[in-house]
Amino acid sequence: MPESIGIADLGCSSGPNTLMVVSEIIDIIDATCQKMGNSFPELRISLNDLPGNDFNDIFRSLPEFFHKIKEEKGSENCYVAGVAGSFYGRLFPLKSLHFVHSSSSLHWLSQVPLGLGTNARTSLNKGKLYISHTSPSDVINAYVSQFQNDFSSFLRSRSLEMVPGGRMLLSMMGRSSIDPTIEDGCYYQWELLAHALSTLVSKGLVEEEKIDSFNAPYYAPCPEELEIAVEKEGSFMINRIEAFEIEWDASVSSNSSTQCGDMKILLSRGQQVAKTIRAVVESMVENHFGNEIMDDLFSVYGDLVDDYIYKKRAVYVNLVVSLTLKD
């Protein structure tokens, strides 16, 4: 057991869940130390996200976090730092990390794939926001290439920052098949959102060209792609990889409501899903399409989700992969 352990949470965001994973890691380390008869080690915890993240909100929560550790573990040797920057490049000193975690982040690409940005001369992916059954092979290949480059950069950067034998646990949106157009990899967010935007086009609220010029910086890989990328980069070995199917409306409540004047209106399952998706993608979509249509867009999207989940079982896929840095 090292006297000092380096831990990093990449894509930590900010809010009530930010320190949840770190707390779980600390509990596991404490239980392991007690089992082995070792004293609790010094912990160097790095919370990473892009510079626009609200790190001040995280820092304000730290006094309570430190107090809890002191009360439960009897230790004050826990040091937390915020690290702003893209995890597709170097973030930490050489051989400084023992454990790296990232959840719900690596499906976001470093950029829109080349040739698909808003400044592209021609629109290759008309009427769509992401890979679809109608997407030409050039679009699919551009997305695959961007993901491979980004994920390789991620692995290469971490391989320099971690100690030999260090572990990494990654969780991200994915898909169940090699086929990038399979519904569990693209329909949930992007296909139905494109349909909702098309509805607003028919109402004169959105220009069709706006849809044609937007492509999401997102990619949901399959397990085979992760295995190939890890093997090709060469620094890590995969301990375990799993794909979990999650129903779209798994987290909705039967009595969720919204306030409308003096009245409370119960939200449908689709509208609750729409609220979740809106929280994730709104800033990106708003930046391209404008703020004025957001309420209408996600209202239509929620109706489409309701219709879809009424007809069939709707799932998305979450991939979880555990890796060890080779000696």
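Everything here concerns the structure above.
These figures come from a predicted structure and were not determined experimentally.

Calculation rules
Residue positions are counted from 1 within each chain, in the order its sequence is given. Reporting in this predicted model follows two pLDDT cut-offs: at least 70 for local features of residues, and 80 or more for side-chain atom pairs to be given and counted; totals over whole chains, interfaces and linings ignore these cut-offs and use all residues. Each side-chain value is derived from all of the structure's non-hydrogen atoms; neither hydrogens nor water enter the calculation. Secondary structure elements are taken from DSSP: a helix is a run of H or I of four residues or more, a strand is a run of E of two residues or more, and numbering for both begins at the N terminus. Throughout, radius of gyration means the C-alpha value; the globule benchmark is 2.2 Å times the number of residues raised to the power 0.38. Every residue pair with non-hydrogen atoms within 4.5 Å of one another is taken to be in contact. Note on areas: Shrake-Rupley, 1.4 Å probe, and residue coverage restricted to the protein chains presented here. Charged residues are defined here as Lys and Arg on the positive side and Asp and Glu on the negative side; His and the ends of the chain fall outside this count. The location of each charge is read from NZ of Lys, CZ of Arg, CG of Asp or CD of Glu. Burial here depends on accessible area, computed with a 1.4 Å probe over protein chains only, as a share of the maximum for the residue type. Under 20% is buried, over 50% is exposed, and the range in between is partly exposed. Strand pairing is assigned whenever DSSP identifies at least 2 bridges connecting the two strands. To get an axis, a line is fitted to the C-alpha atoms, and for a helix only the part in contact is used. The angle between two axes follows their N-to-C directions and goes from 0 to 180 degrees. Here the expected span of a helix is defined as 1.5 Å times the quantity of residues minus one. The quantity called bend is, for any residue, the angle between two axes fitted respectively to the seven residues ending at it and the seven beginning at it. The labels follow the angle: roughly parallel below 35 degrees, roughly antiparallel above 145, roughly perpendicular from 65 to 115, and oblique for the rest. By definition, turning the near helix anticlockwise from the far helix through less than a right angle yields a left-handed crossing, and turning it clockwise yields a right-handed one. Residues are sorted three ways: Asp, Glu, Lys and Arg are charged, Ala, Val, Leu, Ile, Met, Phe, Trp, Tyr, Cys and Pro are nonpolar, and all the rest, Gly among them, are polar.

### Side note on the overall build of the protein
Thought 1: Scanning the protein from N- to C-terminus turns up eight helices and nine strands.
Thought 2: At 22 Å, the protein has a C-alpha radius of gyration in line with the 20 Å of a compact globule built from 327 residues.
Thought 3: For the protein, the C-alpha atoms occupy an extent of roughly 65 × 55 × 35 Å along the three principal directions.
Thought 4: Of all intrachain contacts in the protein linking residues separated by at least 6 positions in sequence, the fraction that spans at least 24 positions is 80%.
Thought 5: When the accessible surface of the protein is summed, it comes to about 16500 Å², and 50% of that surface belongs to carbon and sulfur atoms.
Thought 6: Side-chain charges in the protein split into 27 positive and 43 negative, and the spacing between the mean points of these groups amounts to 3 Å.

### A word on the pairing of strand S9 (residues 315–325)
Thought 1: Among the 11 residues in S9, 10 count as buried, and that is most of the element.
Thought 2: Of the pairings in the sheet, the one linking strand S5 (residues 162–174) to S9 comprises eight bridges and is antiparallel in character. When the bridges of S9 are listed, Ser 171 appears paired with Val 320.
Thought 3: Here strand S6 (residues 236–247) pairs with S9 via 11 bridges, running antiparallel. Bridge assignment links Arg 240 to a residue of S9, and that residue is Ser 322.

### A short note on the sheet that holds S5
Thought 1: On the basis of which strands lie adjacent, the open sheet formed by seven strands has the order S3-S2-S1-S4-S5-S9-S6 and mixed pairing. Each edge of the open sheet is held by one strand with a lone partner, namely strand S3 (78–84) and S6. Across the sheet, the mean angle from the axis of one strand to that of its neighbour is 15°, orientation sign disregarded.
Thought 2: Across seven bridges, strand S2 (residues 42–49) lies against S3 in parallel orientation.

### Regarding helix H2 (residues 55–73)
Thought 1: With 19 residues, H2 extends 25 Å between its outermost C-alpha atoms, agreeing within 8% with the 27 Å of an ideal straight helix rising 1.5 Å per residue.
Thought 2: Where H2 bends most, at Leu 62, the angle is about 40°, and the proline Pro 63 comes one to four residues later.
Thought 3: All of the buried residues in H2 are Phe 55, Ile 58, Leu 62, Phe 65, Ile 69 and Lys 73.
Thought 4: In this structure, the buried side of H2 is in contact with helix H1 (20–36), S2 and S3.
Thought 5: Looking one or two residues past H2, Gly 74 carries a phi angle of roughly 70°, positive in sign.

### Digging into the packing of helix H7 (residues 269–289) against helix H8 (residues 294–311)
Thought 1: Contact pair H7 / H8: the axes reach a minimum separation of 9 Å and the direction vectors enclose 140°. With respect to H8, the element H7 is oriented oblique. Relative to H8, H7 is oriented so that their crossing is right-handed. Residue-level inspection shows Arg 269, Gly 270, Gln 271, Val 273, Ala 274, Ile 277, Arg 278, Val 281, Glu 282, Val 285, Glu 286 and Phe 289 of H7 in contact with H8, the latter providing Met 294, Asp 295, Leu 297, Phe 298, Ser 299, Tyr 301, Gly 302, Asp 303, Val 305, Asp 306 and Ile 309.
Thought 2: Per-class residue counts for the contact of H7 with H8 are 12 nonpolar, four polar and seven charged.

### Concerning H8
Thought 1: Compared with the 26 Å implied by 1.5 Å per residue over 18 residues, the 26 Å span of H8 between its first and last C-alpha is a close match.
Thought 2: Taken residue by residue, H8 has Met 294, Leu 297, Phe 298, Val 300, Tyr 301, Gly 302, Val 305, Tyr 308 and Ile 309 as its buried positions.
Thought 3: If you follow the buried residues of H8, they end up packed against helix H4 (183–202) and H7.

In short, shape yes, function no, at least from these values alone.
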